[in-house]
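Residues per chain, in single letters:
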Amino acid sequence: VQVGIRLTLDSRLPSVRYQIKMQKVMNSCFWLLSGLVLESNVVFFLVMKRGWSVGDTDKIDLATACVALMYNIHITMTYFRGRGARRLLKLP
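Thresholds, definitions, all that
Residues numbered from 1 in each chain as written. Predicted model: local features only at pLDDT ≥ 70, side-chain atom pairs only at ≥ 80, totals over all residues. Heavy atoms only, no water. Helix = DSSP H or I, 4+ residues; strand = E, 2+ residues; numbered from the N terminus. Buried < 20%, exposed > 50% of the residue type's maximum accessible area, 1.4 Å probe, protein only. Contact = heavy atoms within 4.5 Å. Areas by Shrake-Rupley, 256 points an atom, 1.4 Å probe, with all protein chains shown as cover. Phe/Tyr/Trp six-rings, centres within 6.5 Å; stacked < 30°, edge-to-face > 60°. Expected span 1.5 Å × (residues − 1). Polar contact = N/O pair within 3.5 Å; in protein donor to acceptor, adjacent residues only side chain to side chain.

Turning our eyes to something else, we now look at the overall build of the protein. Each helix and strand counted, the protein has four helices and zero strands in total. The secondary structure elements of the protein, listed N-terminal to C-terminal, are α-α-α-α. Across the 92 residues of the protein, 15% fall into the buried class. Summarising the internal contacts of the protein: among those between residues at least 6 apart in sequence, 47% fall at separations of at least 24. Roughly 7,500 Å² of accessible area belongs to the protein as shown, and the carbon and sulfur atoms make up 67% of that amount.

Let us look at the packing of aromatic side chains. Under the criterion given, the structure shown has two aromatic pairs. Note on Phe-30 and Trp-31: the rings are 5.4 Å apart at their centroids and 70° apart in plane angle, and the pair reads as edge-to-face. In this structure Phe-30 comes out as partly exposed when scored by relative accessible area, which is 32%.

Relative to the elements of secondary structure, Thr-64 occurs in helix 3 (residues 54-80). Apart from residues lying up to four places away in sequence, Thr-64 is in contact with Leu-36 and Glu-39.

The next subject is the side chain of Ser-28. Within the secondary structure, Ser-28 is located in helix 2 (residues 18-48). The class of Ser-28 is buried, set by a relative accessible area of 13%. Residue contacts for Ser-28: discarding those within four places in its chain leaves Tyr-71 and Ile-75.

Looking now at helix 3. The first and last C-alpha atoms of helix 3 sit 38 Å apart over 27 residues, in line with the 39 Å expected at 1.5 Å per residue. All buried positions along helix 3 are accounted for by Thr-57, Thr-64, Ala-68 and Ile-75.

Residue placement: Thr-57 occurs in helix 3. Spatially, the C-alpha atom of Thr-57 lies 8.9 Å from that of Phe-44, the residues being 13 residues apart in sequence. What Thr-57 contacts, discounting residues up to four positions off in sequence, is Val-43, Leu-46, Val-47 and Trp-52. Of note is the side chain of Thr-57, whose polar atom sits 3.0 Å from the backbone oxygen of Val-54.

This is how it looks when you write it as structure tokens:
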């Protein structure tokens, strides 16, 4: 699904400066989703094959969710950094 969205958006983006920024955001989101899928597979393996308790793997899930949230905030801040960001965010 992510690849389909990426190809659709790439073809519709105009040839201006923000195209590069939008592509960087899409790449970052792709890697974030890939990391979350990998973490989910590792947790599934630990519970089903290694016999870990769900409580133990919940700690892994919580840590991964916190890292993903921080990375999402980083992506957002990177996107809005630059010209026009002060006006958009209403900063002095």
